[in-house]
Structure formats: C-alpha cells, structure tokens
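# Per-entry structural report
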Amino acid sequence: MEDKTLYGKKLTFKLPSGYEVTIREQNGEDDDILSNPVDAKTFMNISKFIAGIVTDTDITATRLLTPEDVQKMPSLDRYAIMVNSRVFSLGEILDFRYAWDGPADGQVREVDYEINLQEEFLFDYGVVPTMEEMEAKPNAIPFYPVPKQTSEIHFTTKSGKEMCFDLLNAAGEAYVLNLPASERTKNQELVARNLKLKVGDNYEPVKNFRMFSPKDMMDIRSAIKGFDPIFQGTTQIEDPETGQKIMVPVMAVDNFFYPREN
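Residues numbered from 1 in each chain as written. Predicted model: local features only at pLDDT ≥ 70, side-chain atom pairs only at ≥ 80, totals over all residues. Heavy atoms only, no water.

## A closer look at unusual backbone geometry
Trans peptide bonds make up most of the peptide bonds, and negative phi angles are found at most residues other than glycine. Here the phi dihedral of F43 falls at roughly 65°; this positive angle occurs in a residue that is not glycine. Checked against the element boundaries, F43 lands in the loop between α2 (37-40) and α3 (44-53). The residue K148 is not glycine, and still its phi comes out positive at about 60°. The exposure class of K148 is partly exposed, given its relative accessible area of 42%. (Helix = DSSP H or I, 4+ residues; strand = E, 2+ residues; numbered from the N terminus. Buried < 20%, exposed > 50% of the residue type's maximum accessible area, 1.4 Å probe, protein only.)

This is the structure we're talking about:
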C-alpha cells in the first residue's frame, strides 16, 4: 500500500516474519549511512539505514525502530526491507555489467544484464503462497514458517535433548563474518543463532558440541533449516558466448542502493 505525506511517498508491506512496516523513499543522506566503512564491518550501516527509512511498524511498542532493534531483526525481514526499498525508490529493474574472462585469449568481455527484483525476489508476505508460486520463485526471500516468533524457538532432538535458538540476525551474521578464517566452521552458524540446551530447569548457551552425537547434529541442523530458511540473494547469469552460468550476489552490485552514474 502506497501513500504520500509531507515527507514524500511511503510504502506499507508485510515482512517474512508476519510483522508490518511502512517505509519512506530513500534520500541523499541515506547514501552516507550506507557507505560508512566502519559500520559496514558489523552491518550496522544497514541497520541505521533501515531504522531511518522505517516510519511505522508493529514490531515495537513505539512504532519505530532503533538501529539496535534492526540488528536483532531476523535476516529475512532485513532483506525484504532492503529489496522493497530499492524497488520503491529506484525501480524494480536492476541493470548491471559483468566481466567474463575470455575462453582462450584471456581478454575480458563485459556483458550487460538486467533483472526484475520484484518478480525474482519478493512475495506478497501477507498471503501464504501456493507450492506452485514458491517453485516459480526459487530465488525469492522465503517466509518464516512461524509468524512473529523470532527468538527462543524450541525443539527436541530424537534423543530427547530440549533445545532452543533465535532466528539469524545481523549480529549473528557479523559474528560469523568477523571470525578468523580458521574458526569460521559450520558449527559457528549454530552459535550465531544463540543455540541453547536445557540443563536442569535452565537453557544454557551451547559453546561446544562434544555432547552431541552425529544424529543429534542432524536433528539440530534440520530443525534450524526448517524454522530459519536461508536467502542466498543471488541471481543466475549466463555467458552468451560460452554458455557458462554463475550465480551473482545482487546486493553487491554497485547500483543496487545507488542510481548508476551516466
């Protein structure tokens, strides 16, 4: 739903978690926020940007978001706001150029591409999609299966271990990203989701995984995958000369947030 105010046009839409936000159009000041290199290390630049463009939401009692609120927001909600904002402010068509290496002479060939962000990456998150609709948009931002539940999601392994976790958020993504390469293991993705095990009457954070069998680990990863689906944020492009296909991260394209300079 779109309307106009003294501050320009606004857009209201549902998020993958079931919450609702209203955003304003992007402006020149947002460029400075998004391009801050220090904040980018923790994704706080994105959190400040989202907090700035959201003018109303049912996520908080104040109907507004602080950057700290956005850091804790589930990742799929953040991505949905970013893609919706891009479409709303700059248009649904993203055009970009990719440089392919020549198959024989090593010369670089630049090829132009365009994708429709609305059609490829967004659902109407206020309506449960059919299986056919989901299959037609394999690259789209998924739904969360349990509406408005973002933390302390409980499950029990087949061996009887009672556990809970939070949906992945910017703080968790930054935690993994800033680990030394030698420590960026598969299990750190579970630590990033604040995985906890019930010990007595309390849930304790899992710091190591020695007490879990391979079957336990399979159950844990299966439960998390079911509740917290991953959005890759990529689109497939093909080299028209060789037929080679690769996946390109769309939010890394230089004019995703900024209009291309002529």
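Text resumes after the structure shown.
## Describing the environment of T62
For T62, the position within the fold is in the loop between β4 (54-57) and α4 (67-71). A sequence separation of 49 residues divides T62 from V111, and the C-alpha atoms of the two residues are 47 Å apart.

## Remarks on the sheet that holds strand β7 (residues 153-156)
Read across the open sheet, the four strands follow the order β7-β8-β9-β10; overall the sheet is antiparallel. Every other strand in the sheet has two partners, leaving β7 and β10 (202-205) as the edge strands with one partner each. Across the sheet, the mean angle from the axis of one strand to that of its neighbour is 35°, orientation sign disregarded. (Pairing = 2+ DSSP bridges. Axes fitted to C-alpha atoms, helices over the stretch in contact; angles between N-to-C directions.)

## Quick look at the nonpolar core
Generally speaking, nonpolar side chains in soluble globular proteins are found buried as a group. I23, I81, I141, L195 and I220 are the most contacted members of the largest nonpolar core, which has 63 residues in total. Per-element tally for this core: the top contributor is helix α5 (residues 75-90), with eight residues. Setting aside anything within four residues of it in sequence, one finds I81 in contact with F13, L15, V21, I23, I50, I53, V54 and M73. (Core = buried A, V, L, I, M, F, W, Y, C linked by side-chain atoms within 4.5 Å. Contact = heavy atoms within 4.5 Å.)

## Thoughts on helix α8 (residues 170-177)
Of the residues making up α8, those classed as buried are A170, G172, E173, A174 and V176. On its buried face, α8 sits against α3, α4, α5 and α9 (188-191). The N-cap residue of α8 is N169: its side-chain oxygen and the backbone nitrogen of A171 are 3.1 Å apart. (Polar contact = N/O pair within 3.5 Å; in protein donor to acceptor, adjacent residues only side chain to side chain.)

## A word on the packing of α3 against α5
Interhelical geometry of α3 versus α5 gives an angle of 65° and a closest axis separation of 11 Å. By crossing handedness, the relation of α3 to α5 is classed as left-handed. Residues I46, S47, F49, I50 and I53 of α3 lie in contact with α5, whose contacting residues are R78, I81, M82 and S85. By residue class, the composition of the contact of α3 with α5 is six nonpolar, two polar and one charged. (Left-handed = near helix turned anticlockwise from the far one by under 90°. Nonpolar A, V, L, I, M, F, W, Y, C, P; charged D, E, K, R; others polar.)

Any link to function would need more than the numbers given here.
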